[in-house]
Amino acid sequence: QLVLLAGKLNTIAGIVTVFYLIAYAAIDLACLALEWASAPNFRPTFRLFSWHTCLLGILSCLVMMFLINPAYASGSIVLLLLLLGSIHFRSTSSSWGYISQALIFHQVRKYLLLLDVRKDHVKFWRPQILLMVSNPRTSCQLIKFINDLKKGGLFILGHVETGDLDNLPSDPVQTHYSFWLSLVDKLNVKAFVDLTLCPSIRQGTQHLLRITGLG
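Residues numbered from 1 in each chain as written. Predicted model: local features only at pLDDT ≥ 70, side-chain atom pairs only at ≥ 80, totals over all residues. Heavy atoms only, no water.

As annotated in an unreviewed UniProt entry, the protein chain is Solute carrier family 12 member 9 from Hymenochirus boettgeri. UniProt, in its Sequence similarities (unreviewed entry) section for the protein chain, records the words "Belongs to the SLC12A transporter family." (UniProt positions renumbered as here; feature names shortened; annotations may be inferred.)

Below, the structure written as structure tokens:
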């Protein structure tokens, strides 16, 4: 009512329009990310949908925002970034899933398929180290030492659980995997984790030697 009495309805209309446009641009950006990630649960029914239309929608919304009022457009973008930062740092973890992980998986898979062992050359050699760890509590210093030694190479922490899956109610490796990932985070090392279940340590080590690595 104060805005109406002040006679600033056109100003409010411009602000509202800019916020609507940035909302449409954000929706287009989400659809573009889902399309690039090839998310299996994203099945748009719009007949003319493609990543081209998403990109066109984002660009057209941004252009119209700045044509209406550059100051309002810049302020809305800053406000949006502040809201995103606040949600990212203050909210707890959710079960919605992260589109960033889907995009990373999509890109990593593509580049892994481009890796060709027949094109390996000695001048681009990188160490690929498999460290067998029995008790992580007593191996922290060794894990850190190997992390410093790898220098841009591939570092894998391997562990063998002894047992027979046919005689167990569930796979114990699955329940222990999250603890090993927590160990990697706590030690701040750049390493992958590979666990296996075998009747003996020797067989498990042989399995890890065969299955670890890229690709």
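K.L.:
What exactly am I supposed to notice about the pattern of salt bridges here?
P.N.:
Close approach of charged atoms allows side chains of opposite charge to pair. Evaluation of the coordinates by the stated rule reveals 1 salt bridge. A salt bridge links R118 to D116; its shortest N-O distance comes to 3.0 Å. (Salt bridge = Lys/Arg side-chain N within 4 Å of Asp/Glu carboxyl O.)

K.L.:
It is not clear to me how unusual backbone geometry should be interpreted in this structure. Could you clarify?
P.N.:
Backbone geometry follows two general trends: most residues other than glycine have a negative phi, and most peptide bonds adopt the trans configuration. Positioned with a positive phi, S38 is a non-glycine residue whose angle comes to about 55°. Along the chain, the position of S38 falls in the loop between α2 (9-36) and α3 (51-68). Non-glycine residue N188 carries a positive phi angle of around 55°. Note that N188 resides in the loop between α7 (172-187) and β3 (192-198). (Helix = DSSP H or I, 4+ residues; strand = E, 2+ residues; numbered from the N terminus.)

K.L.:
Can you help me understand the sheet that holds strand β1 (residues 128-132) in this one?
P.N.:
Backbone-to-backbone hydrogen bonds join strands into a sheet, with any given pair of strands oriented parallel or antiparallel. Taking strand neighbours across the sheet as the criterion, the 3 strands line up as β1-β2-β3 in an open arrangement whose pairing is parallel. The open sheet is flanked by β1 and β3, the only strands paired with a single partner. Ignoring strand direction, the axes of neighbouring strands in this sheet form an average angle of 25°. Across 5 bridges, the pairing between β1 and strand β2 (residues 154-162) is parallel. (Pairing = 2+ DSSP bridges. Axes fitted to C-alpha atoms, helices over the stretch in contact; angles between N-to-C directions.)

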